[in-house]
Amino acid sequence: MQYTVRAARTADVRGIQSMLEPYVQRRILLGKDLVVLFEATQQFVVAEDEHGRLIGCGALHVMWDDLGEVRTLIVTDDWLHHGVGRAIVERLEANARELGLTRLFCLTFEVDFFTRRGYSPIGEAVVDSDVYSQLVRSPDEGIAEFLDLAHVKPNTLGNTRMLKVL
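What you see is a predicted model; the values in this text were computed from it and never measured.

Parameters at a glance
- Residues numbered from 1 in each chain as written.
- Predicted model: local features only at pLDDT ≥ 70, side-chain atom pairs only at ≥ 80, totals over all residues.
- Heavy atoms only, no water.
- Helix = DSSP H or I, 4+ residues; strand = E, 2+ residues; numbered from the N terminus.
- Buried < 20%, exposed > 50% of the residue type's maximum accessible area, 1.4 Å probe, protein only.
- Expected span 1.5 Å × (residues − 1).
- Pairing = 2+ DSSP bridges.
- Contact = heavy atoms within 4.5 Å.
- Axes fitted to C-alpha atoms, helices over the stretch in contact; angles between N-to-C directions.

Visitor: I'm lost on unusual backbone geometry in this one. Help?
Guide: Only a minority of non-glycine residues have a phi that is not negative, and only a minority of peptide bonds are not trans. For R27, which is not a glycine, the phi torsion comes out positive at approximately 60°. Summarising the element assignment, R27 is placed in the loop between α1 (13–25) and α2 (34–39). In this structure, H81 is a non-glycine residue whose phi angle is positive, near 65°. For H81, the location among the structural elements is in the loop between β4 (67–75) and α3 (84–99). A relative accessible area of 83% places H81 in the exposed class.

Visitor: Mind showing me how you'd approach α3 here?
Guide: For α3, built from 16 residues, the straight-helix expectation of 22 Å at 1.5 Å per residue is met to within 8% by its first-to-last C-alpha distance of 23 Å. Considered for burial, the residues of α3 that qualify are V84, G85, A87, I88, V89, L92, E93 and A96. G100 sits one or two residues past α3 and shows a positive phi near 90°.

Visitor: Even after reading the chapter, I still don't get the sheet that holds strand β1 (residues 3–7), so can you show me in this structure?
Guide: In any sheet, the strands associate via hydrogen bonds between backbone groups, in a parallel or an antiparallel arrangement. With mixed pairing, the seven strands of this open sheet are ordered in space as β1-β2-β3-β4-β5-β7-β6. Pairing within the sheet leaves two strands with one partner each, and these edge strands are β1 and β6 (120–121). Strand direction decides the pairing type here: β4 and strand β5 (residues 103–108), joined by three bridges, are parallel. Pairing of L67 across the sheet is with R103, part of β5. Most of the contacts of α1 go to strand β3 (residues 54–62), to which it runs at about 90°, and overall it touches β2 (44–49), β3 and β4. Running over the sheet, α3 touches β1, β2, β3, β4, β5 and β7 (160–165) and is turned about 30° from β3.

Here's what the structure looks like:
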């Protein structure tokens, strides 16, 4: 079973949304409008099988000068446990290093998966108060989840906040 991981293209966005939707319905991942996904195309990498079918995706969202988030990590059920998720995360981490990021955050139910990749559970104080005061101004719901703001708590129940130093 062969696959490749590459930067996403606009032609992949509807496929990303199709992979995302079942996880949104099960309240595992946050839903994103199609326009938001198109705007974030450059944040995504996708995995595709030898026939060009999308089998996974993930995004790297820059949060601050040294901090990014791995988000929207999805692998289709028939490709689970074939290294696809690992390959996507490795590509996102390489992208993060190229951007000069030194820390990556994720909010996940897949604690064992991320622990095997060097991520550790974290508390609430990940950024200093000056950075916090800037981040709290962001309209991005993922930033609100990172900051553990009250209005997103229903979205984060059961998730673990994790961080990796690159």
